[in-house]
Amino acid sequence: GKSTSEPDVDIVLALHACDTATDEALVRAVRWNAPLTLVAPCCHHDLQTRVRDASGTRSHAPSLAPTLRHGILRERLGDVLTDAFRAHVMRLLGHRVDVVEWIGGEHTPRNTMIRAVRTNARAAPELWREYDEMRELWGVTPWLAEALEPELASAREEAMRDPVPVAADGEVER
């Protein structure tokens with residue numbers, strides 16, 4: 001049976017969880033095997049800082065320089081990049097993931113929701129390559145991936161040992 005530290009949960013919900021608090025909710029969702037996870041991130045400072053620091057120590061593709069030069073653009077890019085990493089990590093760990101607008105922009109500029117439904121589907125090797133290329137391009141590993149490193153390593157090993165094909169639309173063929 002489960003220990004008291006691993007409760008039976010139906011939904012993990014985090015609304016406007018600041019910075020890595022969203023990632024902490026996703027870590028719990030993965031480790032608790034939550035069937036449904038809904039997170040609406042707030043600020044995204046951690047990855048923005050990582051991207052800024054990485055841009056000072058390595059050269060990104062020249063076409064990326066304008067996106068990192070100005071604070072407001074770097075911040076908005078950081079928001080998108082953080083949530084793209086979050087969605088991809090959850091997909092690698094056996095979730096069907098959608099990133100959607102959940103409330104009108106007139107109420108809050110922070111209106112993105114990541115919806116993850118646990119399917120236990122194994123990610124195709126192509127999805128792992130996308131993740132590796134994304135990390136390489138930006139020179140960062142997101143906090144979420146660091147926190148879920150054992151789960152990601154196990155999922156990667158399984159995916160490479162017994163690969164599944166990917167359909168033309170990017171979804172894993174069943």
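Scroll up a little and you will see the structure.
(A) Structural view of the pattern of salt bridges. As enumerated under the stated definition, the model contains 11 salt bridges in all. A salt bridge links Arg 50 to Glu 146; the nearest nitrogen and oxygen atoms lie 2.9 Å apart. Residue Arg 50 is located in helix α2 (residues 45-57), and its partner Glu 146 is located in helix α6 (residues 143-147); the two are separated by 96 residues in the primary sequence. The closest approach of N and O atoms between Glu 158 and Arg 122, which form a salt bridge, is 3.6 Å.

(B) Just helix α1 (residues 20-31), in detail. Here α1 is 12 residues long and its end C-alpha atoms lie 16 Å apart, about the 16 Å a rise of 1.5 Å per residue gives. Among the residues making up α1, those that are buried are Thr 20, Thr 22, Asp 23, Ala 25, Leu 26, Val 27, Ala 29 and Val 30. Looking at the residues trailing α1, positive phi occurs at Asn 33, about 55°.

The rules we used
- Residues numbered from 1 in each chain as written.
- Predicted model: local features only at pLDDT ≥ 70, side-chain atom pairs only at ≥ 80, totals over all residues.
- Heavy atoms only, no water.
- Salt bridge = Lys/Arg side-chain N within 4 Å of Asp/Glu carboxyl O.
- Helix = DSSP H or I, 4+ residues; strand = E, 2+ residues; numbered from the N terminus.
- Expected span 1.5 Å × (residues − 1).
- Buried < 20%, exposed > 50% of the residue type's maximum accessible area, 1.4 Å probe, protein only.

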